[in-house]
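Read off the chains here:
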Amino acid sequence: MIALWRLSNSQDLQPRARPAGRWHSAGAPVVVLDANPAAAVFARLALSEVAHPRALPRHYFLLEVKAPGGAVSDVVSEADLPVHWQTDLPATRALGNAWLASGESLLLRVPSAAGGVQYLLNAAHLQLSQCQIVSSVAYPYAPHLAGIARAVREDAAWLAAADAGGGQD
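Residue indices begin from 1 for each chain and proceed along its sequence in written order. Residues qualify for local features only when their pLDDT is at least 70, as the model is predicted, and side-chain atom pairs are given and counted only at 80 or more; totals for whole chains, interfaces and linings, by contrast, use all residues. The basis for every side-chain value is the complete set of heavy atoms in the structure, and neither hydrogens nor water enter the calculation.

## Some points on the overall build of the chain
Helix numbers and strand numbers start at the N terminus; a helix is a DSSP run of H or I with at least 4 residues, a strand a run of E with at least 2. Regarding its fold elements, the chain presents 3 helices and 7 strands. Listing each helix as α and each strand as β along the chain from the N terminus yields β-β-α-β-β-α-β-β-β-α. Think of it in three bands: with a 1.4 Å probe and only protein chains considered, a residue is buried below 20% of the maximum accessible area for its type, exposed above 50%, and partly exposed in between. Counting only residues that meet the buried cut, the chain has 39% of its 169 residues in that class. Contacts were defined at the residue level, with two residues in contact if any of their heavy atoms lie within 4.5 Å. Pairs at least 24 apart in sequence give 76% of the contacts found in the chain among residues at least 6 apart. What sets the accessible areas is the Shrake-Rupley method with a 1.4 Å probe; for residues, cover comes only from the shown protein chains. Accessible surface computed for the chain: about 9300 Å², of which carbon and sulfur atoms make up 55%.

## A short note on helix H1 (residues 37-47)
In an α-helix, one turn spans 3.6 residues, which is why side chains three or four residues apart end up on the same side. Ala 40, Val 41, Ala 43 and Arg 44 are the residues of H1 that are buried. Buried residues in H1, looked at end-on, bunch into an arc of 160°, giving them a common side. Projecting away from the buried face of H1 at angles above 90 degrees are the exposed residues Ala 38 and Ala 46. Looking at the buried positions of H1, the neighbouring elements they touch are strand E1 (2-8), strand E2 (30-34), strand E3 (61-67) and strand E6 (117-122). When we speak of the arc, we mean the arc of directions from the helix axis to the C-beta atoms.

## Examining the pairing of E3
On any regular strand, side chains alternate: one points to one face of the sheet, the next to the other face. With 5 of 7 residues buried, E3 lies mostly within the body of the structure. Sheet topology note: the E3/strand E7 (residues 132-138) ladder contains 6 bridges and is antiparallel. Looking at E7, one finds that Glu 64 is bridged to Ser 135. Following DSSP output, two strands are said to pair if at least two bridges run between them.

## A closer look at the side chain of Ser 105
Mapped onto the secondary structure, Ser 105 falls in the loop between helix H2 (89-102) and strand E5 (107-111). The buried category is assigned to Ser 105, whose relative accessible area is 5%. Here Ser 105 is in contact with Ala 71, Ser 73, Trp 99, Asn 122 and His 125, once residues within four sequence places are set aside.

## Some thoughts on the pattern of salt bridges
Once their charged atoms are close, side chains differing in charge can pair, the charge on each being opposite to the other. Salt bridges are defined by distance alone: a side-chain nitrogen of Lys or Arg within 4 Å of a carboxyl oxygen of Asp or Glu. Applying the stated rule across the entire model yields 1 salt bridge. A salt bridge links Glu 64 to Lys 66, with the nearest nitrogen and oxygen atoms 3.8 Å apart. For Lys 66, a relative accessible area of 27% corresponds to the partly exposed category.

## Topic: H2
The span you would expect from a helix comes to 1.5 Å times its residue count less one. In a regular helix each residue adds 1.5 Å, so 14 residues correspond to 20 Å; H2 covers 20 Å between its end C-alpha atoms and thus fits that length. Within H2, the full set of buried residues consists of Thr 92, Gly 96, Trp 99 and Leu 100. Looking straight down H2, one finds its buried side chains confined to an arc of 100°; they lie on one side. The outward face of H2, more than 90 degrees from its buried face, is lined by the exposed residues Pro 90 and Ala 101. Backbone geometry just downstream of H2 places Gly 103 in the positive-phi region, at approximately 65°.

## Regarding the confidence of the model for the chain
Each residue carries a pLDDT score, the predictor's confidence in it, ranging from 0 to 100. Per-residue confidence for the chain gives a mean pLDDT of 80; residues scoring 70 or more make up 75%. Under a pLDDT of 50 for its full length, residues 161-169 has, in the predicted model, 1 contact with residues more than four places off or in other chains.

This is the structure in structure tokens:
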């Protein structure tokens, strides 16, 4: 079994709104999981569009999910990635959609645009019942962002403040 993580406003492994993602089209039965709690929090922050950290959602749950280790596929290897995979959504969605259509595995390990890896969970797969949520902890953002909330500018451009120095990766 492998431990994976998700910061979610629900306490199960069912996709809700089913918007398109980097690795799948809209309507796909996919839940994105992360390799550690910090990555799960970062992924949620990256998806939140708010004017200031104080406006982030406060009623989320940090889920720890145990999944069968043998249910992970690496169909998306470095060699399979399009050259500009971070921005070529049609190409990455085609890879993820092909994986879903094949029904080959419960989980697909994919690179994250933020670094590291994420896992796509096929919520329609027969092995879904082998996944277990082993912990669900109410996870309010506020205590973890108190220092950030004081440090960033009060206007809506606070997200750009980190890049204002023009530094390179």
